[in-house]
Structures are given as C-alpha cells and as structure tokens.
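Spelled out, the chains give:
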Amino acid sequence: MSTKVAGKWLALVLAMVMVLLAGCARKTEEAKPTEPEIVKGGTLRITYSSDPTSLDVHLTPSVGLVHSLIYDTLVVFGPDRQYHGHLAESWEVGAGGREITFYLRKGVTFHDGTEFDAEAVKFNFDRLANPDLASPGATWLGPYERTEVIDKYTVKVIFKEPYSPFLYSLSTEFLAIQSPAAIQKYGDDYGQKAAVGTGPFMFEAWEAGDRITLVRNPNYKWPPFWYENKGPAYFEKVIFYNMPDEMTRLLALENAEIDIVGIPTHAVEDMKAKPNVEVYEAETSSVVYLGINSSKAPWSDARLRQAVAHIVDREEIVNVALNGMGVPNPTPISTAVFGYEPSLIEEVVYPRDIERAKTLLAEAGYRDTDGDGWVDKDGKPLVLEIMTYNSDPYPRLAEVVREQIIKAGIKVKIKTLESATLLAATPKGEHDAILIAYGWSDPDILYYFFHSSRLDRTNRVHYVNPQVDQLLEKARTVVDADERFAIYRQIQSIIIRDAPWIPLYTPIACTGVRAEVKGFKLGPRGAYWLHDAYKEVPATK
Amino acid sequence: MQLRRNRGAVAGMVVVLFFLLMAILAPYICPHDPLQVDYSRILAPPSLRHPMGTDWLGRDVLSRIIAGSRLSLSVGFIAVGIGLTGGTVLGLLAAFYPRLDNLIMRFIDILLAFPGLLLSITIVATLGPGLQNVMIAVGIGGIPGYARVVRGATLSVKENEYVQAARALGSSDVRILVHHVMPNIMAPLIVMITFGLASCVLSAAALSFLGLGAQPPQPEWGMLINEGRRYMLKAPWLVLGPGAVITMVILGFNLFGDGLRDALDPRLRQ
Amino acid sequence: MLFPVLVGVSVATFLMIHIAPGDPVDLMMPDYGTAEDVARIRARLGLDQPLHIQYFRYAANVLRLDFGRSIRTNRLVKNEILSRWPMTIELTVASLLVAVGLGIPLGVLSAVKQNSVLDYTCMVGALIWVCMPSFFFALLLQLIFAMSLKLFPVFGRAGPPWTWEGFLSLVLPAVSLGARSAAILARLSRSSTLEVLRQDYIRTARAKGLAERVVVYKHALKNAVIPVATVVGLQFGGLLGGAFITETIFARPGVGRFAVLAIFNRDIPVIQAIALMMAVIFVMCNLAVDLLYAYLDPRIRYD
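Caption draft 1: Up close: the packing of aromatic side chains. Applying the stated rule across the entire model yields 35 aromatic pairs over all chains. Measuring from ring centre to ring centre gives 6.3 Å for F110(A) and F116(A), while their planes differ by 70°; the resulting arrangement is edge-to-face. Both residues of the pair, F110(A) and F116(A), belong to the buried class. Between W129(C) and F137(C) the ring centres are 5.5 Å apart and the planes differ by 75°, which places this aromatic pair in the edge-to-face class. Three or more aromatic residues link up through ring pairs in this structure, and these residues are Y289(A), Y438(A), F449(A), F450(A), Y463(A) and W501(A). Here the basic side chain of K40(A) rests over the ring of Y534(A), its NZ or CZ set 4.6 Å away from the ring centre.

Caption draft 2: Quick peek at the packing of helix α2 (residues 61–96) of chain B against helix α8 (residues 221–229) of chain B. Residues and elements named next belong to chain B. Contact geometry of α2 with α8 gives a least axis separation of 8 Å together with a crossing angle of 130°. If you check the angle between α2 and α8, you find them oblique. Contacts between α2 and α8 pair R64, I65, G68, S69 and S72 from the former with W221, L224 and E227 from the latter. Split by residue class, the contact of α2 with α8 holds three nonpolar, three polar and two charged.

Caption draft 3: Looking closely at the interface of chain C and chain B. Contact residues are listed per partner, giving 41 residues for chain C and 37 residues for chain B. When chain C packs against chain B, close to 3300 Å² is buried across both sides, 85% of that on carbon and sulfur atoms. For R187(C), the salt bridge goes to D258(B), with nearest N and O atoms at 2.7 Å. Of all elements in the fold, only α1 (2–19), α6 (117–131), α7 (134–148), α10 (212–249), α11 (255–264) and α12 (268–296) of chain C reach the threshold of two or more residues within the side of chain C that touches chain B. No other element matches the nine residues that α1(C) contributes to the side of chain C that touches chain B. Of the residues that constitute the side of chain C that touches chain B, the class distribution is 35 nonpolar, four polar and two charged.

Caption draft 4: Layout of the nonpolar core. Residue and element names in this part refer to chain A. Formed by 284 residues in total, the largest nonpolar core has its most connected members in L74, F125 and F166. For this core, the domains that each give at least three residues are domain 1 (45–259 + 516–538) and domain 2 (286–508). Each residue touching L74, except ones within four places of it in the same chain, is listed here: G85, H86, L87, A88, L104, F116, V121, F125, L170 and I177.

Caption draft 5: Quick look at helix α4 (residues 51–63) of chain C. All names here are of chain C. A rise of 1.5 Å per residue sets the reference length of α4, with its 13 residues, at 18 Å; its end C-alpha atoms lie 18 Å apart and thus fit the reference within 8%. Among all positions in α4, only Q54, Y55, Y58 and V62 are buried. Taken down its axis, α4 places every buried residue within 95° of arc, on the same side. Exposed residues pointing more than 90 degrees away from the buried face of α4 are listed as H52, F56 and L63. Backbone geometry just downstream of α4 places L65 in the positive-phi region, at approximately 65°.

Caption draft 6: Molecular detail of the interface of chain C and chain A. Between chain C and chain A, the contact holds 31 residues from the first and 35 residues from the second. Of all residues in chain C, the largest losses of buried area upon contact with chain A belong to D31(C), Y32(C) and R75(C), amounting jointly to 29% of the total for that side. Where chain C touches chain A, the interface holds two salt bridges. In this assembly, chain C and chain A are joined by three residue pairs in polar contact (both at pLDDT 80 or more). The set of elements that each furnish at least two residues to the side of chain C that touches chain A consists of α2 (24–28), α3 (35–44) and α11 of chain C.

Parameters at a glance
Residues numbered from 1 in each chain as written. Chains lettered and ligands numbered in written order. Predicted model: local features only at pLDDT ≥ 70, side-chain atom pairs only at ≥ 80, totals over all residues. Heavy atoms only, no water. Phe/Tyr/Trp six-rings, centres within 6.5 Å; stacked < 30°, edge-to-face > 60°. Buried < 20%, exposed > 50% of the residue type's maximum accessible area, 1.4 Å probe, protein only. Lys NZ or Arg CZ within 6 Å of the ring centre and 35° of its normal. Axes fitted to C-alpha atoms, helices over the stretch in contact; angles between N-to-C directions. Helix = DSSP H or I, 4+ residues; strand = E, 2+ residues; numbered from the N terminus. Parallel < 35°, antiparallel > 145°, perpendicular 65-115°, else oblique. Contact = heavy atoms within 4.5 Å. Nonpolar A, V, L, I, M, F, W, Y, C, P; charged D, E, K, R; others polar. Buried area = accessible area lost by both parts, 1.4 Å probe. Salt bridge = Lys/Arg side-chain N within 4 Å of Asp/Glu carboxyl O. Core = buried A, V, L, I, M, F, W, Y, C linked by side-chain atoms within 4.5 Å. Domains from an automatic or database assignment. Expected span 1.5 Å × (residues − 1). Arc of directions from axis to C-beta. Polar contact = N/O pair within 3.5 Å; in protein donor to acceptor, adjacent residues only side chain to side chain.

Written as structure tokens, this is what we have:
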C-alpha cells in the first residue's frame with residue numbers, strides 16, 4: 001500500500017473513531033434523561049390468617065389492619081401514649097363526665113364522595129348501639145344513651161353515667177366512622193361486597209378465602225399527626241392474602257411474595273439472619289399469666305398462691321420457652337399500655353424465694369411429712385392442675401412452669417385443652433389454675449377479669465374482693481388521666497398481693513418487613529405505621 | 001408350626017416382642033429419667049451420653065422414646081380391646097337375634113360412614129383430652145370390623161346342620177357359642193387383632209400429633225413428633241426417632257399378622 | 001340403605017357436637033363481652049332452643065338444600081365448603097394418581113419379574129410404606145426435599161396444578177398422602193397378577209407362543225384389575241379423610257382442614273354439613289365399587 005493510500009485509510013479510521021466517540025459522548029448525555037424516574041408507590045402485600053367476619057365494623061367481633069386502612073377513627077393513640085384527635089379535632093367533657101362534645105374536622109369525605117359530618121357520627125354510634133343489630137362491638141359504647149347533633153361539625157355524645165374508657169373505645173376500629181349513605185345503599189351486602197370509610201385506602205374486592213384488595217384513596221389529606229406524609233398514601237394498592245399457616249407466611253416473606261408478616265418466636269433468629277428482611281420488635285398489649293381459682297380449696301388460701309408467686313422464675317420462662325421473645329412482667333397490665341406501673345415491682349411484687357415459699361406452705365399446713373418429696377396435709381399431697389391451650393406456646397410454657405413449681409414440692413398436672421373446652425370450663429369454677437393470656441390496650445379490662453359481676457364468664461379465677469370491686473367501678477367513672485392511673489395502681493397493688501393471678505410476661509411480637517419497603521415504622525403495641533411507607537417503583541405515565 | 005417357615009412373620013414377631021419388652025421394662029432400661037430437664041443441654045445432637053440427642057428442655061430423647069413405648073402400646077392394646085369387646089357383643093347379638101340384626105347393621109354402617117379421624121377428633125372433643133379418651137375414640141372406630149366378622153362367622157355356624165341339631169336337642173345359645181362359634185372365629189379374629197394393634201397405635205399417634213391425646217410431659221410417640229416438629233430443621237432427630245419407632249412397631253405387627261393369616265387361612269394351606 | 005345411614009350420621013354428629021363442651025359464640029366473643037351478650041347472640045342464632053327442635057329445623061332446611069350459615073364467618077356453609085372443595089379434590093386425585101401410577105405398575109412388574117432384585121426392593125419398600133404413618137412421611141419429605149434440598153416449596157398451595165408453581169406445591173403433599181395407597185396397591189396387584197399368571201389359560205397362551213408382553217398385558221392385567229379396582233374405590237374414600245392431616249402439615253386450603261378448624265371452633269352448621277357430605281361420599285364410593293365389581297366380572301356373585 002502506498003503511503004498516500006495508507007494515510008487516507010488512517011484519516012478515515014481516525015474520523016470514524018472520532019465520530020464514534022462523539023456519538024458515544026452524546027449518547028451518555030442523552031442517556032440520563034431517558035432513564036425511568038423512580039417514584040414512591042407500589043403494591044403492599046400483607047397476609048391474614050382467616051377471613052374477617054365482616055368489613056362492617058358493627059358486625060364483626062374483631063377488627064384488624066384491613067379495617068384500620070379503610071376507616072378512620074375520631075381519636076388516635078399516639079407515640080407519646082396519649083390520645084389525640086383525628087377525625088375529631090378536639091373535645092370537651094361536660095356534665096361531670098356524662099357528656100363529651102366533639103368538634104369535628106372539616107373537609108373530610110368518604111370514599112363514595114359524601115361528606116363526613118356530625119350526622120354521620122350520630123348514625124354510626126346509634127347503629128352500633130342498636131340492640132336489633134346485636135353488634136358484638138356494642139359494649140365499647142359502655143353506658144351509651146344517645147348522640148346529639150349540635151351543628152354540622154359538632155356532635156355531643158351522652159352517657160347514662162361517666163364512662164372513662166370511652167376515649168380508648170373511640171381509638172378502636174369498632175367506633176370508626178362508616179359512610180351512612182353506603183350502609184343504606186348496600187343494606188345486607190355492606191361489609192361483604194362494600195366497605196366505605198374515610199381512610200387512606202378504599203375497598204376494591206374481597207375474594208373469600210383468598211384475598212382482599214384495597215386501592216389508594218387519592219383524596220386523603222388527613223393522616224394522624226406523627227406522619228411526615230400529609231397527603232394520600234404512597235402505596236397504590238394493598239392486598240391482603242389469606243394464609244392461615246404461619247410457616248407458609250414466613251416462606252412467602254422470604255421469597256418476596258409477601259411484604260410484611262408477623263414472625264412467631266421460634267423463627268425470629270432465622271429471620272434476623274436473612275439479608276432482605278428487616279425485623280422489628282414491639283412489646284404487645286398482652287399479658288400471659290397463671291390464674292389460680294381463688295374460690296376453690298385449697299387454692300382459695302392466699303398463702304398457697306403467694307407461695308407459687310415466690311417460686312416462679314420469669315426470666316427462665318422467657319428464655320427457655322420463648323427464646324427471649326418476652327418481657328418478664330409481674331403486673332397484670334402489659335408493659336406497653338397506659339396503667340403499667342413498674343414501681344410496683346419493687347414495692348409489692350413477691351421476689352423469687354423458694355425458702356419463703358416453703359414457709360408459706362407450712363403456715364398453710366403443707367409439709368412434707370412422709371419424705372417423698374411432695375408436701376402434703378392430712379395425708380393428701382398438694383396438687384396444682386393447670387389447664388392451658390393445646391396450641392403453641394402454651395404447652396411449652398406450662399412445662400417450664402411445672403418444672404419450677406415441682407421444685408417446691410407441689411405436684412403439678414398439666415391439662416392441654418382446645419380453647420372452646422377451656423373457656424367453657426372456667427365459669428364452672430372447678431379448675432385449679434389456668435395458664436392463658438389476654439391482650440388489651442386499656443386498664444379497664446381488669447374490670448372484666450376481677451369484678452364479682454363477671455364470675456359467669458370472664459372472671460375466670462373467681463376472685464371476689466369488695467374493695468377491688470369498688471375501685472374498679474370508680475376507675476370507670478374518673479375521666480382525669482392521672483386520677484385514673486392512681487386508682488389502677490391501687491388495684492394492681494391489691495391484686496399482686498392477693499395473687500389470684502401470677503402474671504408471667506408480656507410477649508414481644510416481631511414483624512418482618514422486606515427491605516424493599518421503605519419508611520415503615522412499628523408503632524406502640526406493634527401497630528403498623530404505613531402512611532410514610534413506600535416501595536420504589538418506576539413512574540408510570 | 002407353619003408360622004416358623006415364614007421368615008417375615010418371624011421377623012415381625014421378634015420386633016413385636018422387642019417393643020413389648022421395652023414397654024414392660026421401660027422404667028428399668030431408660031438411661032436417664034425421661035422427665036428430667038436440663039437447661040444446659042437444650043437441643044443437643046446425638047452423642048455418647050444422649051444417643052438420640054436431647055429435646056428443647058434438655059430431656060434425653062432415647063429415654064422418652066422408651067418410656068413412650070408403654071403409653072403408645074397400651075393405648076393400642078386397650079383400644080383394640082374396646083373394639084373387640086364392643087364388636088363381639090354387637091356381632092353376636094346381631095347373629096342370634098334377627099330382630100336386632102337390621103338395627104345393629106345400620107348402626108355399624110353409620111359408624112363406618114364417619115371419616116375415621118374426624119370421628120376420633122369429635123369424640124375426643126366431647127370427652128376431653130387425655131390418653132384414656134383417645135383409647136375410647138380409637139377403640140370405637142374399630143368396632144365395625146370386629147362386629148362384621150363375628151356376625152358373619154356366627155351366622156354361618158348357625159346354619160350348620162350339626163348346630164341346628166344341637167339346638168333342637170335343647171342346647172342353650174351360650175353352649176353353641178362356646179363350642180361351635182368360638183373355634184371358628186378364633187383364627188380370623190386373631191389376625192384382625194394383630195392388624196388392629198398396628199392401626200390403633202397409628203391412630204393414637206395421629207391424634208397426639210394433633211395435640212389431642214397425650215398431655216405434657218407424657219412422652220407418647222405421636223406427641224414427641226408434634227413437639228419436635230417445630231425444631232425439625234435444627235434438630236431432626238427429635239422427629240426421626242419417634243417416627244422410625246412407630247414405623248417399626250407397625251411393621252412388626254403387620255409382618256406378624258401377615259404370617260398369621262397365611263398360616264391360619266385354610267385356603268392357602270397347600 | 002342410603003337414607004337411614006345419612007340420617008344416622010347427621011343425628012350422631014349433631015348430638016356429639018352439642019355434648020362437647022364449649023360454645024361457638026362464647027369462643028368468638030372477646031373478653032369484654034358479658035354472658036348476656038353471648039346469650040343474646042345465641043338466641044338470635046337459635047342455639048338456645050331445645051335440641052330436638054334445633055335438629056328438626058336443621059333437617060327441614062337440609063331437605064331444601066339450605067345448610068345454614070357458619071357461626072364464625074356468617075357466610076353460607078354451602079359456599080364455604082364449595083369454595084374449598086376443589087382444593088381437596090385436587091389433592092385427593094393427585095394422590096390417587098401417585099398411588100395408581102406408582103403402585104400398580106411396580107406391583108405388576110414385580111410379579112412378572114418375581115424374585116428378582118426389583119421384586120424384593122419393591123416389596124420391602126411397599127411393606128415399609130404401608131407401615132409408615134403418613135404424617136411422619138410428610139414431615140420427612142418436608143425435611144429432605146423442601147427444607148434441605150429446596151426442590152419444592154415447604155408449604156402452601158402456590159396455585160392451580162396446571163401452573164408450574166402450583167404443580168410443584170402439589171408434589172410433596174400428593175406423594176405423602178398417596179404413598180401408603182401405592183404400597184397397598186403394589187402388593188395387591190403383585191399378588192393378583194401372580195395368581196392370574198398361574199392360571200391355565202395363561203399357560204395355554206404362553207404355550208401357543210404369544211409374546212410374553214401380550215400375554216401379560218392382555219390377560220393378566222384385565223383380571224387383576226378387579227380386586228385392584230375395589231381397593232382403589234375404597235382408598236378414594238380413605239384418601240379424602242386422610243387429606244386433612246396432609247392439608248394441615250402442608251398448609252393447603254381444603255375441606256379437611258376446614259373441618260378440623262370447625263370442630264375446634266364448635267362451628268356446628270359447618271361440622272354437620274361436612275359430616276353429611278363425607279357420609280354421602282362414603283356410600284357413593286361403596287356403591288360405585290359394588291357396581292364396578294359387578295360390571296367387570298358378572299360371573300362373580302357376591303353377598
């Protein structure tokens with residue numbers, strides 16, 4: 001090749017290279033604008049273990065997350081453990097606690113376009129209280145008398161007597177506000193084929209046994225104050241999948257088929273080790289306790305119960321049976337609930353002291369007279385038969401508790417029952433003890449467990465104490481928070497001393513959340529705070 | 001006896017005897033106390049000290065399996081006993097009193113129409129939990145089988161000329177029963193009992209597995225599998241041990257039953 | 001024969017559930033409910049009426065094909081069961097396929113190749129799987145194939161069986177449920193094939209020089225099918241009943257599991273409907289087997 005030709009070739013090649021380079025440069029500049037934009041959105045997938053009875057909060061015995069996304073309540077329980085206004089901006093208590101006037105938020109609309117106003121509130125409360133409806137949630141209204149509409153955004157609720165747990169009732173979904181227009185329109189189908197509220201998500205479809213689908217409410221502008229997002233939710237959809245089995249749910253979380261799932265205690269370690277799952281922990285509103293029948297001999301003798309109180313080792317129970325997923329709690333109120341008073345631990349709670357236990361047993365007449373290792377009286381050994389559920393973790397708990405109690409020479413028999421059988425047996429009062437739990441977010445629940453008027457059902461330990469009765473009744477009428485707290489402190493103090501219950505621990509609930517979900521927080525008592533949460537998805541046109 | 005020739009049957013008998021001995025001698029041969037907890041050795045893998053490992057309370061699994069043999073086998077025997085007694089009474093009544101026959105056979109059909117496990121669960125729900133009620137529930141499920149066999153054998157014997165003659169001569173029903181019916185049904189009944197033992201042990205284990213039978217801390221085999229299930233990935237020996245043992249016991253009874261049937265069945269004698 | 005049995009099952013279930021301690025309404029009612037609340041709802045559901053009145057009302061409704069509403073979910077029992085029925089059928093049919101597809105060919109092959117290594121292996125295997133509890137086998141399968149080897153999902157029903165995920169999630173449950181039936185069928189088809197192979201007309205066919213395969217398949221199988229068909233029919237009923245433990249272990253939705261939950265919840269209308277349904281199926285299965293038997297071999301007279 002001659003030099004001239006070679007030179008021309010070189011020039012051509014150089015030119016091509018330069019054109020290419022120039023083109024590439026331009027491409028990278030142009031590339032940035034054509035990248036898809038990432039926005040906050042996506043579909044949130046959650047599970048539930050069995051279909052809710054109804055999406056009509058007046059017709060269901062229990063409410064859950066799905067109800068709290070469709071509906072709003074007048075009042076919310078904030079991260080500061082105080083009640084704050086939500087659909088109600090403020091309220092005034094009058095007539096010695098028998099009347100509460102609510103000033104409602106303006107500009108709130110239901111999903112069907114109708115306006116939220118005082119009439120809507122009255123409609124809802126009257127419907128809930130209507131005896132023809134036989135609503136399971138009617139008790140939340142307490143001694144409700146009627147509701148008066150003062151003006152479009154002012155409503156007064158009137159009771160037959162002061163009812164201090166009402167603020168708590170208002171913060172539950174049972175007293176959420178549903179659209180009167182929708183209830184009237186859909187009749188019997190409301191709650192099954194339709195559910196209209198003011199919440200951040202709207203009901204779309206419910207395939208029984210399979211899933212419930214909610215879509216974002218684009219007009220939502222009134223989230224609770226602790227959220228940064230003041231407008232509609234980020235998620236476009238929320239889908240609840242029916243997964244009754246907990247292992248299926250865990251697997252689905254691992255495989256990114258589900259975004260948020262409650263994690264049972266035994267799986268917590270494994271889940272924490274998984275790379276794409278965040279585990280959040282929260283103390284629940286529950287207390288697991290050993291309840292001893294206080295009306296039946298020999299355990300009606302308080303000294304025997306107090307002896308058991310001196311024996312139980314709560315740390316051991318939590319560590320061995322629960323892998324640490326619990327907070328030892330010797331008080332009858334959960335550590336996460338208003339009314340919990342840790343100072344009682346120092347003051348009143350019986351410390352672990354086997355010798356003291358044995359002394360108490362002896363005082364009550366029980367000694368090991370025949371050297372067989374078991375204490376007895378008049379030739380009969382002391383037996384504690386503990387009834388408990390046959391579902392996890394109760395049999396394990398019972399076994400660990402049994403191991404502790406037999407060390408003091410008391411024979412322990414465990415009886416695991418189906419819940420139907422267990423709950424039916426307790427009103428009869430023939431049992432020795434039960435190992436069960438309750439979950440409640442207000443100390444008023446103690447009324448149901450310890451008041452003598454509840455012996456036919458929920459006072460499962462058959463505890464009768466007129467002083468406690470009086471205090472429980474008084475606490476229901478006192479509206480001032482500090483005064484209420486003081487009364488419940490006194491009640492708890494008596495109960496801890498008398499030991500009809502030996503509270504063991506407050507369970508810690510773990511929630512697993514996929515790393516793709518950002519902005520998620522766990523509120524008090526394990527509530528899902530979803531309004532700031534989102535997934536990063538490409539923007540759709 | 002012909003039985004000895006059937007190697008399977010001999011093997012089955014050996015297995016059955018092995019577990020029967022285990023059940024009888026249980027308190028003496030357990031290396032550790034099956035109820036003794038040890039929180040320092042939770043979920044330990046098999047070792048010299050604990051050949052089958054420990055469970056979630058640190059209890060020795062081998063000891064629990066040995067102790068459990070007593071529970072599982074006695075449930076099997078008593079359940080079969082209940083089925084046999086009930087079934088025999090019903091079968092005899094049906095055969096001797098034709099007026100009752102229809103009624104009793106309908107009752108048997110009804111019992112059979114219930115899906116087996118569902119019937120057991122309902123009975124346990126009604127009577128309450130505990131191994132005694134499991135025995136009753138499983139035993140009741142076995143009644144139809146025995147009733148039919150006893151009834152059939154009694155009926156065929158009744159038609160026998162020899163028997164009719166005896167009756168004409170005034171022999172009471174009871175005598176006929178003892179002298180003619182009993183020998184005839186011994187063979188099939190024994191075979192049924194053997195298979196019945198296997199099936200009752202299985203049903204009882206299934207009920208305990210569902211949480212409806214043994215109460216903690218009883219180490220019934222089905223209950224052991226139920227308890228061990230949640231730790232299966234971390235500690236598979238908790239499930240493998242009891243499961244293998246149940247399989248072996250049932251295998252033993254089945255082999256033995258097969259052999260018995262072959263030996264006692266007149267048609268196969270060649 | 002059908003009607004008295006159904007009535008008997010229905011009455012017996014009714015009585016047992018009512019005798020069982022525990023009340024469905026009390027169970028559902030949270031702690032803040034009073035005994036009066038429970039009584040009120042029970043009255044609304046008609047649960048406070050005397051037993052015989054409750055039963056007659058129930059029976060009258062059933063005759064109009066109204067099975068009432070679930071106490072727990074307030075939905076029509078008919079719909080609750082119908083929506084779950086296909087999943088259980090899916091599992092039962094799949095396990096039947098496993099049983100027939102695995103058991104019969106292996107049994108026949110073992111008979112044809114009698115005393116070979118295959119024969120011994122199959123028969124030992126069959127013996128073991130007849131004796132292994134299905135729930136134990138299910139746990140083993142879970143442990144080995146799902147948790148350790150991760151070949152199949154551990155739990156759940158990932159979709160209808162004609163999808164890949166759905167199919168995968170059906171494999172372990174179907175195998176665990178069908179294994180015992182497969183073992184029984186293997187032993188049965190082996191012994192009946194052996195018996196048939198010894199018959200005169202088979203020897204005649206062989207002597208005539210027909211190919212071994214033709215001999216086996218045409219004559220032996222056809223006659224071996226009769227007892228096998230009997231067993232298949234009866235196994236179907238048993239599989240249906242056994243499905244529920246499998247459904248529970250593998251967390252599959254289905255009628256079996258629903259029935260167990262209903263018993264625990266004392267959901268009376270549901271339990272009654274399912275018991276009745278099972279009884280109907282049982283009777284139909286028996287009838288079908290009887291008919292099939294008569295059709296396949298009219299020479300045989302049975303009692």
